[in-house]
Amino acid sequence: MRAADVDLNLLVILDALITERNVTRAARRLGSTQPTCSRALGRLRHIFGDPLFIRVGHDMQPTPMAEMLAPQVRELVAMADRALNASLEFDPSIGERSFVISCSDYLTFVLMAPVVRRLRNEAPRVQLHLLPYQVEVFALLRRGDVDFVIEPASFRDLDGLRSVELFRDRWQLAMWEQSELAQSEVSMEQLASVPYLTYTLGLERVPNLADRALHEQGTRPTAMVSTGNFSLLPALLEGTDMVSLMAERGARMLAEQHDLIIRDPPVPIPEIVQTLHWNKRNEEDPAHGWMRELLIEVATAV
């Protein structure tokens, strides 16, 4: 079978079906109708000689054939989009676009909040979906389900992706200002023995870079409490004798609201290099390029 023998619009519908796993949602995604997508699915099943999807409850589970086709179909659809939009410029004041950005809640607090304010003023029709940290997010980036990943440069293998440094941050030791430890400098020995509040990433509770650095240096605080939500750290410290290592920009923004003392840690901890990553196949997409530049511009101001 040759491409010339097949309506290539069927691949667009197949891509939407693989993503949504539901005919009604796929139709809505494409601005089409449920009967149109159902008929297209029937034709796709005939072309590939495979059911492609098995109904499970209200959704559909892809067959092994559909899972095998998914990355190839996604790439073909993306190539077609790039070809059709290659000569178009993106006007943020009227342009419609949706972006998926993966970042920690710390970055949502420090960086994405001002980005959202810029979007509301400059690009009212641009939609943003913020995806929380997850271990497999780079696979989503390579597959095209995520447009940008923002996280420290040392976290991942960047092979095949583009990246640029956004900003750097320091680690600071934070504690409630009325705690006993706040009355004097905290030593390395104290840090290893006092009640410790730590910030982890994702459902997998991945240790943050500061905790990794401490462990490598032989300082191993015992975490009394751990949370995956950066903005909860100050509230959890308040009224206790716990200490926590927090990224400085966010820590200083929250310190006055929660009566915290912020100090340099007693051991050297490498800086956080917050980095923007994207798939190289989006390099020439005007809208994607505009969003990249906006993120870099806001990060520079931060």
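Residues numbered from 1 in each chain as written. Predicted model: local features only at pLDDT ≥ 70, side-chain atom pairs only at ≥ 80, totals over all residues. Heavy atoms only, no water.

Colleague: What should I look at first to understand the overall build of the chain in this one?
Modeller: Across its full length, the chain carries eleven helices and 13 strands. Taken along the three principal axes of its C-alpha coordinates, the chain extends 75 × 40 × 30 Å. Put simply, 73% of the contacts in the chain that link residues at least 6 apart link residues at least 24 apart. Surface accessibility of the chain: about 15800 Å² in total, with carbon and sulfur atoms responsible for 52%. Positive and negative side-chain charges in the chain, numbering 31 and 41 respectively, have mean positions lying 8 Å apart. (Helix = DSSP H or I, 4+ residues; strand = E, 2+ residues; numbered from the N terminus. Contact = heavy atoms within 4.5 Å. Areas by Shrake-Rupley, 256 points an atom, 1.4 Å probe, with all protein chains shown as cover. Lys, Arg positive; Asp, Glu negative; His and termini not counted. Charge placed at Lys NZ, Arg CZ, Asp CG, Glu CD.)

Colleague: Help me understand the sheet that holds strand β3 (residues 97–102), please; the structure alone is not making it clear to me.
Modeller: One key point about sheets: their strands pair by backbone hydrogen bonds, in either a parallel or an antiparallel sense. Reading across the sheet, the five strands line up as β4-β3-β5-β13-β6 and stay open at both edges, with mixed pairing between neighbours. One side of each edge strand has no neighbouring strand; the edge strands of this open sheet are β4 (126–131) and β6 (161–169). Neighbour to neighbour, the strand axes of the sheet diverge by 20° on average, direction disregarded. Alignment of β3 against strand β5 (residues 148–152), held across two bridges, turns out to be parallel. (Pairing = 2+ DSSP bridges. Axes fitted to C-alpha atoms, helices over the stretch in contact; angles between N-to-C directions.)

Colleague: When you look at helix α11 (residues 286–301) in this model, what are you seeing that I'm missing?
Modeller: Given a rise of 1.5 Å per residue, 16 residues ought to cover 22 Å, and the 23 Å separating the end C-alpha atoms of α11 matches this to within 8%. Within the span of α11, buried status applies to A287, H288, G289, W290, M291, R292, L294, L295, V298 and A299. Close packing links the buried residues of α11 with β3, α5 (105–122), β4, β5, β6 and β13 (272–279). Capping the start of α11, D285 holds a side-chain oxygen 3.1 Å from the backbone nitrogen of A287, two or three residues further along. (Expected span 1.5 Å × (residues − 1). Buried < 20%, exposed > 50% of the residue type's maximum accessible area, 1.4 Å probe, protein only. Polar contact = N/O pair within 3.5 Å; in protein donor to acceptor, adjacent residues only side chain to side chain.)

Colleague: Looking at this model, I keep getting lost on the packing of aromatic side chains. Mind explaining?
Modeller: Each aromatic ring pair is described using two quantities: the centre-to-centre distance and the angle formed by the ring planes. One pass over the full model with this rule turns up five aromatic pairs. For the pair F90 and W290, a centre-to-centre distance of 5.5 Å together with 50° between the ring planes defines the contact as tilted. Of this pair, F90 sits in the loop between α4 (64–85) and β3 while W290 sits in helix α11, and the two are 200 residues apart along the sequence. Note on W290: relative accessible area 17%, which makes it buried. Between F109 and F230, the ring centres sit 6.3 Å apart and the planes meet at 45°, which makes this aromatic pair tilted. (Phe/Tyr/Trp six-rings, centres within 6.5 Å; stacked < 30°, edge-to-face > 60°.)

Colleague: Would you take a moment to explain the nonpolar core for this structure?
Modeller: Grouped burial of nonpolar side chains is what soluble globular proteins tend to show. Counting residues in each nonpolar core, the largest one holds 61 residues, and the members touching the most others are L111, V115, I150 and M291. Aside from chain neighbours lying at most four places away, what touches M291 is F99, I101, V115, L119, L128 and F148. One finds L11, V23, L41 and F53 within the second-largest nonpolar core, a separate group that totals 22 residues. (Core = buried A, V, L, I, M, F, W, Y, C linked by side-chain atoms within 4.5 Å.)

Colleague: Sorry if this is basic, but what is going on with the side chain of T227 here?
Modeller: Inspection of the secondary structure puts T227 in strand β10 (residues 223–227). Residue classification places T227 among the buried residues on the basis of a relative accessible area of 11%. Here N229 takes part through its backbone nitrogen, which lies 3.1 Å from a polar atom of the side chain of T227. Setting aside residues up to four positions removed in sequence, T227 forms contacts with T198, Y199, T200, L232, L233 and L236.

Colleague: How should I be thinking about the packing of α5 against α11 in this particular structure?
Modeller: Each pair of packed helices gets described by two things: the angle between the helix axes and the distance between those axes. Contact pair α5 / α11: the axes reach a minimum separation of 10 Å and the direction vectors enclose 125°. Regarding the angle of α5 to α11, the classification is oblique. Crossing hand, α5 versus α11: right-handed. Contacts from L111, M112, P114, V115, R118, L119 and E122 in α5 reach W290, M291, L294, L295, E297, V298 and A299 in α11. When the residues that make up the contact of α5 with α11 are grouped by side-chain class, the tally is eleven nonpolar, no polar and three charged. (Parallel < 35°, antiparallel > 145°, perpendicular 65-115°, else oblique. Left-handed = near helix turned anticlockwise from the far one by under 90°. Nonpolar A, V, L, I, M, F, W, Y, C, P; charged D, E, K, R; others polar.)

Colleague: Looking at this model, I keep getting lost on the side chain of H288. Mind explaining?
Modeller: Along the chain, the position of H288 falls in helix α11. Reaching out from H288, the side chain makes a polar contact with the backbone oxygen of D147 at a distance of 3.4 Å. Not counting chain neighbours up to four residues away, the residues in contact with H288 comprise R97, F99, D147, F148, W278 and N282.

Colleague: Is there a simple way to explain the pattern of salt bridges in this structure?
Modeller: Note on pairing: side chains with opposite charge can pair once their charged atoms come close. In this structure the tally under the stated criterion is 18 salt bridges. For D59, the salt bridge goes to R25, with nearest N and O atoms at 3.0 Å. Taken together, the positions of D59 in strand β2 (residues 59–62) and R25 in helix α2 (residues 23–30) put the pair 34 residues apart, joining distant regions of the chain. The exposure class of D59 is partly exposed, given its relative accessible area of 31%. (Salt bridge = Lys/Arg side-chain N within 4 Å of Asp/Glu carboxyl O.)

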